[in-house]
Amino acid sequence: MEAYAGDTLASALLANDVKLVGRSFKYHRPRGVFTAGSEEPNALVTIGKGAHSDPNVKAPAVELHDGLEAHSQNRFPNLKFDLMGMNNGLSPFLGAGFYYKTFMWPAAFWEKIYEPIIRRAAGLGKLSGSDDPDKYDRACAYCDVLVIGSGPAGLQAALTAGRCGARVILCEEDFIFGGRLNCERMEIARVSAVDWAGRAVQELEKMDNVRLMPRTTVFGSYDDDTFGAIEQINDATGKEPAGSPRQCYWKIVAKRTILAAGAIERSIAFGDNDRPGIMQASAVRTYVNRFAVSPGNSTVVFTNNDDGWRTARHLFSSGCEVEAIVDCRPSEEIGEVRHQAGDIPVFTRSTIIGTAGRLALSSVTILNANGRRLKLPADCLAVSGGWNPTVHLTCHRRGRPVWNDGLSAFVPGADTPQGMAVAGAANGVFSTHGALAQGTETTQKALEDLGFKLKRSVIPDAEDAPYSIAPLWHVKESKGRAWLDQQNDVTVKDVELSRREGFRSVEHMKRYTTLGMATDQGKTANVAALAILAAKSGKTIPETGTTIFRPPYVPVALSAFAGRACGKSYRPLRLTPSHDWAKEQNAVFTEAGLWLRAQWYPKIGEKTWRESCDREAMAVRKSVGVCDVSTLGKIDVKGKDAGQYLDHLYCNMISTLEVGKVRYGLMLREDGFAMDDGTVARLAENHYLITTTTGHAGHVMQHADFCAQVLWPDLDVHLVSVTDQYAQFAIAGPNSRAVLELLLDDREAISAEAFPFMACREISICGGVPARLFRISFSGELAYELAVDASYGDSLIRTIMQAGAEYEISPYGLEALNVLRIEKGYPTAGELNGQTTAGDLGLGRMVSKKKDCVGKVLSQRQGLADPERMVFAGFKPVDLEDELSAGAHFIGINREAETANDEGWLSSACFSPALGHSIGLGFIKHGNERLAETVRAVDLLRGKDIEVEICAPQFVDPQGERVRV
């Protein structure tokens, strides 16, 4: 097809005489273009092909470009002949809620029969099933004044703020600025509305303090004056320059916001009001005035307000044939517009009661003031049922709109979000002059609040006609189904059924009928449905109430939310300081938290990971090994109240820790469960360094920061994460001290007497390089952790390996590290899984009785202090040839493997090279009292049923003598 630059897909289709565009969700009824904007419920298409395809795109919102591919959807075998259109004939049996009543028995049929059939019969577009190859981005912006919408109120607001020097962002979802000014024939300041808008944009473009953002829809309003917006970048051209994103998700933070999003015209419900060719009157006017496209050869206008007459006048003056104006109001209520109809036939006190046409509108039936039925040929019916202010963004923070009888519409209420002002049609001001005036006034008030010096602002002359409407929601005399939500096939009868069956609140009616739950969120349907529900319930519309809108205002691709954070870029790839060296050793890497860590270091001749892991673990037990532990979370804590603060944060006492000493610490969540464990080192009187597990580092930092700022803001304490600032290596094994002595500038500093177990100290190594040394061990062997500036990390690992060569030092990875921990009975990630308490872990005595701490009170709840709770224990197979698997459940001997007999579970398991057989850690009822008892470890998933002996969790050096040599 051919079209012009500046066309939308909808205007191009109409210009090419394409009326049939899609099929409805449930009944597969023919559907055509209904609107000229993002509120479109019918004209949904799939853009692009293959992996680039994008389903459920609204044709009026698609900017045309050369080579654009658009495909109809939700039809088989084709759009004109859709076999699923037989659903329409079954409509008496497929009313609202039919699936709740019909597909309940037998239950087994749901997954295998009912659901597949329903999914095949109903639906919209389809995803490609391939990874999205397009690029997306995310960005942030800050401003004094955010203006949403660029109609008369929005442009005037931006000009007012920009001229006063405020930082302004103007967002417009269309690809040209001006809003409805581009669709009307009127004058502002004695020039055409289009020219005035163009001049305003030119002035704004010259201001350095103003950012103009066309093709940008503000889709959500959030706390702290934050807004989400989606910018279409390459969708407009269909060409993606290298590295350029298709869309950009913006997080905009504004001190003040002017919402000038305009209003959306609603329809009127009457028999068969959903045929292709039936449109909003304002949309017909848009296609004629902006795009020079006549949606039909002969048009009938049906209205209950003055605005419909404007459409008729514009059509007539453009040379389009207007068959008639049908107005439900009496002549005396119509006023001046009655005399502007020219030669157009006018029917007052009249309604449309039916239409005809299979795949497109061919005629309409009028019920005139005398009760006669008249049939007029027409291929376009322009319907104007009044205007709904676009209040959506005022609702996203729980604001509730209020009913305005004069407008027969909801307008923003008094609980509009703080910092947001609403102007123009979005606030129920439907005259152009009123919109310009309110755009000026609301912006000036916002600028005054921000302390800007105001400049004199002249409000341009423009039309100021009053708005007159006679509410008409449903033509009761019409025959056939009267449609409300055209995308989801919701009719007036469905709303009535909802009320009869007890779903009378607006929230229940919405869910029972699915009204307003389609991709358009009921923008053209909700108010009429609420009015009909109110009438059937014998209540007023304010008494009936309304649902409130939630983000997003328009559908947003999940890819846009992700931005570049997909695939390998899903999270920043963080490499340890020894990464390059580890690659040289052919290390196998794994993701741990946000880091890429060495899992094991294979050597020539080793065929399995177990061989490498066993060798590395035994090197630590017999001589010395080194492991990069830089990924452990490290938080620097300073302040005169730092000790008191850490007492609150940890369940055990920290403030009594001596300078130069380290203490193991356990944190509880607020609900009393264990959150994380680690160490606390006191480097100076008011200076501590705490470490966390790698996986919980970010969460613990957030928790610690929250406690400092919210729970105890009066304490003099300051926190900063220093995880990335230090390269830290664990040097463990009987020869670890000998290796360290070769690195330290003062070798005597680490003798057993000068530097005992759980000591820490500032030292220097390798001729003056400052470092920190901690004598701590998570392997159960004599061990140290050496920390230097991260920039020295690569050099340090090479130096350690060189110094330890004579002791056959071996690097060890995460697998060996976990084996060493399990052999010593130290809790690992399997035990700190968010479901265990200090008591469960055998650390109940660590919860100090001398102080309070986060989680202490709730940890004393009856359920968490129950003596019947499962407790920490060790396990080894009775037959040492058996292999344990984490996740197995403990069942008594000769008892059925069922939930009622479940006594606990195996949380961690490994092969112990030191013992020569499999071992495990887990939780079992009364584990401390059942040592040497035999139970079964049953793993139904892997088909294992193994007898195991309950034992102490310390398998190697249970007295802890090795760490103190």
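Please read all numbers here as calculations on a predicted model, not as lab measurements.

**Some remarks on the overall build of the protein chain**
Of the regular secondary structure elements, the protein chain holds 24 helices and 48 strands. Projected onto its principal axes, the C-alpha coordinates of the protein chain cover approximately 110 × 70 × 55 Å. By residue count, 57% of the 965 residues in the protein chain fall in the buried class. In the protein chain, the proportion of contacts linking residues at least 24 apart, taken out of those at least 6 apart, comes to 67%. With 106 positive and 118 negative side-chain charges, the protein chain shows a separation of 4 Å between the mean positions of the two kinds.

**Re the environment of Ala281**
Its location among the elements puts Ala281 in helix H7 (residues 281-289). According to the relative accessible area criterion, Ala281 is buried, its value standing at 0%. For the pair Ala281 and Asp379, spaced 98 residues apart in sequence, the C-alpha separation works out to 14 Å.

**With respect to the packing of helix H18 (residues 609-622) against helix H23 (residues 814-824)**
Taken N-terminus to C-terminus, the directions of H18 and H23 make an angle of 55°; their axes are 8 Å apart at the nearest point. Here H23 runs oblique to H18, going by the angle between their axes. Crossing angle aside, the handedness with which H18 passes H23 is right-handed. Where H18 abuts H23, its residues Trp609, Cys613, Glu616, Ala617, Val620 and Arg621 lie against Glu815, Ala816, Val819, Leu820, Glu823 and Lys824.

**Some thoughts on the pairing of strand S11 (residues 216-222)**
In terms of burial, S11 is largely enclosed, as six of its seven residues are buried. With six bridges joining them, S11 and strand S12 (residues 226-232) adopt antiparallel strand pairing. Across the sheet, the residue bridging to Tyr222 is Thr226, located in S12. Hairpin connection from S11 to S12: three residues lie between these consecutive antiparallel strands, with Asp224 at a positive phi of about 60°.

**Topic: the packing of aromatic side chains**
Enumeration over the complete set of coordinates arrives at 19 aromatic pairs. Geometrically, the ring pair formed by Phe430 and Tyr467 is edge-to-face, given 4.8 Å between the ring centres and 80° between the ring planes. With Phe430 in the loop between strand S26 (420-422) and helix H11 (432-450) and Tyr467 in the loop between H11 and strand S27 (483-485), the pair connects residues that are 37 residues apart, well separated along the chain. Taking the relative accessible area as the measure of exposure, Phe430 reaches 24% and is therefore partly exposed. Residues Phe875 and Phe890 carry aromatic rings whose centres are separated by 4.2 Å and whose planes lie at 25° to one another, so their mutual orientation is stacked.

**With respect to the side chain of Asn234**
Considering the arrangement of structural elements, one finds Asn234 in the loop between S12 and strand S13 (247-259). Since its relative accessible area comes to 9%, Asn234 is described here as buried. Here the side chain of Asn234 touches Pro245 through a polar contact of 2.6 Å, landing on its backbone oxygen.

**Description of the sheet that holds strand S22 (residues 380-384)**
Taken together, the five strands give an open sheet; going across it, the order is S15-S22-S16-S17-S18, and neighbouring strands pair in parallel fashion. Every other strand in the sheet has two partners, leaving strand S15 (278-280) and strand S18 (346-348) as the edge strands with one partner each. Averaged over all neighbouring strand pairs, the angle between strand axes comes to 20°, with direction disregarded. As defined by bridge partners, strand S17 (residues 321-327) adjoins S18 across three bridges and the pair is classed as parallel. Across the sheet, residue Val326 finds its bridge partner in S18, namely Phe347. Seen against the sheet, H7 touches S15 and S22 and runs at an angle of roughly 85° to S15. Helix-sheet contacts for helix H8 (residues 306-317) involve strand S16 (298-303), S17, S18 and S22, and the interaxial angle to S17 is about 170°.

**Notes on the pattern of salt bridges**
Counted under the stated rule, the structure contains 45 salt bridges. The salt bridge involving Asp134 is made with Arg246; its shortest N-O contact spans 3.7 Å. Remark: Arg246 occurs in the loop between S12 and S13 and Asp134 occurs in the loop between helix H4 (109-121) and strand S6 (136-148); sequence separation between them is 112 residues. When its relative accessible area of 12% is taken as the criterion, Asp134 is described as buried.

**Notes on the sheet that holds strand S29 (residues 574-575)**
Strand order in the open sheet formed by three strands is S29-S31-S30, and the pairing between neighbours is mixed. Two strands bound the open sheet, and with one partner strand each, they are S29 and strand S30 (588-592). Across two bridges, the pairing between S29 and strand S31 (residues 595-600) is parallel. Each residue of the ladder has a partner; that of Arg574, found in S31, is Trp595. Against the sheet, H23 touches S30 and S31, its axis set at about 70° to S31.

**A closer look at helix H5 (residues 152-163)**
With twelve residues, H5 should reach 16 Å at 1.5 Å per residue; the first-to-last C-alpha distance of 16 Å fits that figure. Of all twelve residues in H5, eleven are buried; the element is thus mostly enclosed. Among the residues of H5, those classed as buried are Pro152, Ala153, Gly154, Leu155, Gln156, Ala157, Ala158, Leu159, Thr160, Ala161 and Gly162. Where the residues of H5 are buried, they touch S6, strand S7 (168-171), helix H6 (193-205), strand S10 (210-213), S13 and H11. Looking one or two places after H5, you find Gly165, whose phi comes out positive at around 90°.

**Topic: the environment of Ala283**
Here Ala283 shows up in helix H7. Once the C-alpha coordinates of Ala283 and Asn42 are considered, the two residues, 241 residues apart in sequence, prove to be 13 Å apart. Discounting residues that sit within four places of it in the chain, Ala283 has contacts with Phe34, Thr35, Ala36 and Glu265.

**Re the nonpolar core**
Of all hydrophobic cores here, the largest spans 36 residues; its most connected members are Leu9, Val33, Met279 and Tyr287. Those elements that provide at least two residues to this core are helix H1 (9-15), strand S3 (44-47), H7, H8, S17 and S22. Setting aside its immediate chain neighbours within four residues, Met279 contacts Leu14, Val33, Phe34, Val284, Tyr287, Pro295, Leu381, Ala382 and Val383. Ala732, Ile822, Leu841 and Ile919 belong to the second-largest nonpolar core, a separate cluster that totals 35 residues.

**Re the state of the cysteines**
Counting across every chain of the model gives zero disulfides. Cys143 supplies the cysteine sulfur nearest to Cys164, a cysteine that is in no disulfide, at a spacing of 15 Å. Taking the relative accessible area as the measure of exposure, Cys164 reaches 12% and is therefore buried. Not part of a disulfide, Cys707 finds its nearest cysteine sulfur in Cys853, a span of 10 Å.

**So, the side chain of Ser431**
Relative to the helices and strands, Ser431 is located in the loop between S26 and H11. The class of Ser431 is buried, set by a relative accessible area of 10%. Looking at Ser431, its side chain comes within polar contact range of the side chain of Asp464, at 2.7 Å. The contact partners of Ser431, leaving out residues within four places of it in the chain, are Glu463, Asp464 and Ala465.

**Some words on the environment of Lys135**
Structurally, the position occupied by Lys135 is in the loop between H4 and S6. The class of Lys135 is partly exposed, set by a relative accessible area of 36%. Considered as a pair, Lys135 and Phe729 are 594 residues apart in the sequence and their alpha carbons are 39 Å apart.

**Remarks on unusual backbone geometry**
Residue Pro77 follows Phe76 across a cis peptide bond; omega there is 0°. Following Pro551, the chain continues into Pro552 via a peptide bond in cis, with omega recorded as 5°. Residue Asn74 is not a glycine yet carries a positive backbone phi of 60°. Of note, Asn74 is situated in the loop between strand S5 (70-71) and helix H2 (86-89). Despite not being glycine, Asp957 shows a phi value in the positive range, around 45°. Turning to its location among the elements, Asp957 is positioned in the segment after strand S48 (944-951).

**Topic: H18**
For H18, built from 14 residues, the straight-helix expectation of 20 Å at 1.5 Å per residue is met to within 8% by its first-to-last C-alpha distance of 20 Å. When we look at burial in H18, the residues that qualify are Ser612, Cys613, Asp614, Glu616, Ala617, Ala619, Val620 and Arg621. Of the surrounding secondary structure, the elements contacted by the buried residues of H18 are S31, strand S32 (625-628), strand S38 (726-732), strand S42 (810-811), H23 and strand S45 (902-912).

**Structural notes on a nonpolar patch on the surface**
A cluster of nonpolar side chains, contributed by Phe76, Phe81 and Leu83, occupies part of the molecular surface with about 320 Å² of accessible area. Along the chain, Leu83 falls in the loop between S5 and H2.

The rules behind these values
Residues numbered from 1 in each chain as written. Predicted model: local features only at pLDDT ≥ 70, side-chain atom pairs only at ≥ 80, totals over all residues. Heavy atoms only, no water. Helix = DSSP H or I, 4+ residues; strand = E, 2+ residues; numbered from the N terminus. Buried < 20%, exposed > 50% of the residue type's maximum accessible area, 1.4 Å probe, protein only. Contact = heavy atoms within 4.5 Å. Lys, Arg positive; Asp, Glu negative; His and termini not counted. Charge placed at Lys NZ, Arg CZ, Asp CG, Glu CD. Axes fitted to C-alpha atoms, helices over the stretch in contact; angles between N-to-C directions. Parallel < 35°, antiparallel > 145°, perpendicular 65-115°, else oblique. Left-handed = near helix turned anticlockwise from the far one by under 90°. Pairing = 2+ DSSP bridges. Phe/Tyr/Trp six-rings, centres within 6.5 Å; stacked < 30°, edge-to-face > 60°. Polar contact = N/O pair within 3.5 Å; in protein donor to acceptor, adjacent residues only side chain to side chain. Salt bridge = Lys/Arg side-chain N within 4 Å of Asp/Glu carboxyl O. Expected span 1.5 Å × (residues − 1). Core = buried A, V, L, I, M, F, W, Y, C linked by side-chain atoms within 4.5 Å. Disulfide = S-S within 2.5 Å. Patch = residues over 30% accessible without salt bridge, like charges linked within 9 Å, V, L, I, M, F, W, Y side chains within 5 Å. Areas by Shrake-Rupley, 256 points an atom, 1.4 Å probe, with all protein chains shown as cover.

That is the geometry; function is a separate question.
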